[in-house]
Amino acid sequence: MQDFGFSFPSNVRKRLAKDSKTSSRLVVGKHYADIVPDPKNPGMRFHWVVQQVGSADVLAWGQESSFELAEKAAYQFLHDRLTLNAKQTG
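Let us look at the structure shown here.

Regular strands have side chains that alternate between both faces of the sheet. Strand 2 (residues 24-28) sits mainly inside the fold: four of its five residues count as buried. Note: strand 2 against strand 3 (residues 31-37), five bridges, orientation antiparallel. Residue pairing for strand 3: L26 is matched across the bridge by A33. Between strand 2 and the antiparallel strand that follows it, strand 3, lie two residues; G29 among them carries a positive phi value of about 60°.

This is the structure:
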């Protein structure tokens, strides 16, 4: 596993999916991001999808060339969204 010099803060919960060691869910407050391998290109492309708990709406999505990059991109969106929400409500 490649080290990108990035670690998740302690308030981010990570959970590996039961069916795959290459799928996970990041949970930050009321938002979460699922990271899953591309079924047509497993190990070569990973998708990430951000949603709010209790909503079917997709807030953001993307694909990256590695699991680590997909996790980082998903977390960055979660962080930016929560920071923006905090500024708007605070």
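Moving on, there is more to tell.
Right, let's talk about the pattern of salt bridges for a bit. Applying the stated criterion across every chain, the model contains two salt bridges. A salt bridge links R45 to D38; its shortest N-O distance comes to 3.5 Å. For R45, a relative accessible area of 31% puts it in the partly exposed group.

Moving on: the packing of aromatic side chains. This structure, assessed with the given rule, holds one aromatic pair. Measuring from ring centre to ring centre gives 5.8 Å for F46 and F67, while their planes differ by 75°; the resulting arrangement is edge-to-face. With F46 in strand 4 (residues 46-52) and F67 in helix 1 (residues 67-89), the pair connects residues that are 21 residues apart, well separated along the chain. The ring of Y32 carries R25 above its face, with NZ or CZ at 4.1 Å from the centroid.

Before going further, it helps to spend a moment on the environment of S23. Mapped onto the fold, S23 is located in the loop between strand 1 (13-16) and strand 2. Judged by its relative accessible area of 8%, S23 falls in the buried class. Along the primary structure S23 and P37 are separated by 14 residues, whereas in three dimensions their C-alpha atoms are 6.7 Å apart.

Thresholds applied
- Residues numbered from 1 in each chain as written.
- Predicted model: local features only at pLDDT ≥ 70, side-chain atom pairs only at ≥ 80, totals over all residues.
- Heavy atoms only, no water.
- Buried < 20%, exposed > 50% of the residue type's maximum accessible area, 1.4 Å probe, protein only.
- Helix = DSSP H or I, 4+ residues; strand = E, 2+ residues; numbered from the N terminus.
- Pairing = 2+ DSSP bridges.
- Salt bridge = Lys/Arg side-chain N within 4 Å of Asp/Glu carboxyl O.
- Phe/Tyr/Trp six-rings, centres within 6.5 Å; stacked < 30°, edge-to-face > 60°.
- Lys NZ or Arg CZ within 6 Å of the ring centre and 35° of its normal.

Taken by themselves, the reported measurements are silent on function.
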